[in-house]
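Spelled out, the chains give:
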Amino acid sequence: QVQLVESGGGLVQPGGSLRLSCAASRSIFSIYGMGWYRQAPGRKQRNLVAGIISGGRTNYADSVKGRFTISRDNAKNTVYLQMNSLKPEDTAVYYCNAFPAPTDYWGQGTQVTVSS
């Protein structure tokens, strides 16, 4: 059974930082790369923010390069997203899922709001 539980979101001022966590079921974490996706307000599409494969190679959207860092803890089946220098345009619901091809199952996501 696939399980994805995101946490760590919140309200932060521009320039601030947040660290997101995603606890994934072993059925997905041990097989796939993992990624963070986000859905901006009023948008239906979820876009890739960052992805990491089991070998440690990472991939970032151009808009977050140099500001966000994805990492994974294989012992805990958990993937993280460290977000620094946050901007208002980073406001979105953030989800984790398989990378590069997400599964059909999505968790509840975690809301990130960047506002002064």
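Look up a bit, the structure's there.
Figured I'd write up the structure that's included with this text.

1. Considerations on the packing of aromatic side chains
1) Next: A complete count under the given rule lists 2 aromatic pairs for this structure.
2) Next: Aromatic pair tyrosine 37 and tryptophan 106: ring centres 5.4 Å apart, planes at 85°, arrangement edge-to-face. Of this pair, tyrosine 37 sits in strand β4 (residues 33–39) while tryptophan 106 sits in the loop between β9 (92–99) and β10 (110–114); the two residues are 69 residues apart in sequence, bridging distant segments of the chain.
3) Next: Classification of tryptophan 106 as partly exposed rests on a relative accessible area of 22%.
4) Next: Where tyrosine 95 meets tryptophan 106, the ring centres are 5.7 Å apart and the plane angle is 80°; that geometry is what we call edge-to-face. In this pair, tyrosine 95 sits in strand β9 while tryptophan 106 sits in the loop between β9 and β10, placing the two residues 11 residues apart along the sequence.
5) Next: Classification of tyrosine 95 by relative accessible area gives buried; the value is 7%.
6) Next: Members of the aromatic cluster, joined through ring pairs, are Tyr37, Tyr95 and Trp106.
7) Next: Sitting over the ring of tryptophan 106, arginine 46 keeps its end group 4.3 Å from the ring centre.
8) Next: Of note, arginine 72 hangs over the ring of phenylalanine 29, and the distance from its end group to the ring centre comes to 4.2 Å.

2. Details of the sheet that holds strand β6 (residues 58–60)
1) Next: The strand order β2-β10-β9-β4-β5-β6 describes an open sheet built from 6 strands, whose pairing is mixed. Every interior strand has two partners, whereas the edge strands, β2 (10–12) and β6, have only one. Between one strand and the next, the sheet's axes are offset by a mean angle of 25°, whatever the strand orientation.
2) Next: Summarising the sheet, β4 and strand β5 (residues 47–52) pair through 5 bridges and their orientation is antiparallel. Considered in β5, the bridge of methionine 34 is made with isoleucine 52.

3. What about the environment of proline 14?
1) Next: Here proline 14 shows up in the loop between β2 and β3 (18–24).
2) Next: Not counting the four nearest positions on each side in its chain, proline 14 is found in contact with Leu86, Pro88, Val114, Ser115 and Ser116.

4. A few points about the pairing of strand β1 (residues 4–7)
1) Next: Of the two faces of β1, the one lined by Leu4 and Glu6 is fully buried and the one lined by Val5 and Ser7 carries no buried residue.
2) Next: Where β1 lies against β3, 4 bridges are found, and the strand directions are antiparallel. If you follow serine 7 over to β3, its bridge partner there is serine 21.

5. Here we look at the pattern of salt bridges
1) Next: Applying the stated criterion across every chain, the model contains 3 salt bridges.
2) Next: For aspartate 90, the salt bridge goes to arginine 38, with nearest N and O atoms at 3.0 Å. Of this pair, aspartate 90 sits in the loop between β8 (78–83) and β9 while arginine 38 sits in strand β4, and the two are 52 residues apart along the sequence.
3) Next: Given the relative accessible area of 15%, arginine 38 is considered buried.
4) Next: The partner of aspartate 90 in a salt bridge is arginine 67, and the shortest N-O contact between them spans 2.8 Å. Of this pair, aspartate 90 sits in the loop between β8 and β9 while arginine 67 sits in the loop between β6 and β7 (68–73), placing them 23 residues apart in sequence. The same class applies to aspartate 90 as to arginine 67, namely buried.
5) Next: Linked by salt bridges that have partners in common, Arg38, Arg67 and Asp90 make up one network.

So, how was this worked out
Residues numbered from 1 in each chain as written. Predicted model: local features only at pLDDT ≥ 70, side-chain atom pairs only at ≥ 80, totals over all residues. Heavy atoms only, no water. Phe/Tyr/Trp six-rings, centres within 6.5 Å; stacked < 30°, edge-to-face > 60°. Helix = DSSP H or I, 4+ residues; strand = E, 2+ residues; numbered from the N terminus. Buried < 20%, exposed > 50% of the residue type's maximum accessible area, 1.4 Å probe, protein only. Lys NZ or Arg CZ within 6 Å of the ring centre and 35° of its normal. Pairing = 2+ DSSP bridges. Axes fitted to C-alpha atoms, helices over the stretch in contact; angles between N-to-C directions. Contact = heavy atoms within 4.5 Å. Salt bridge = Lys/Arg side-chain N within 4 Å of Asp/Glu carboxyl O.

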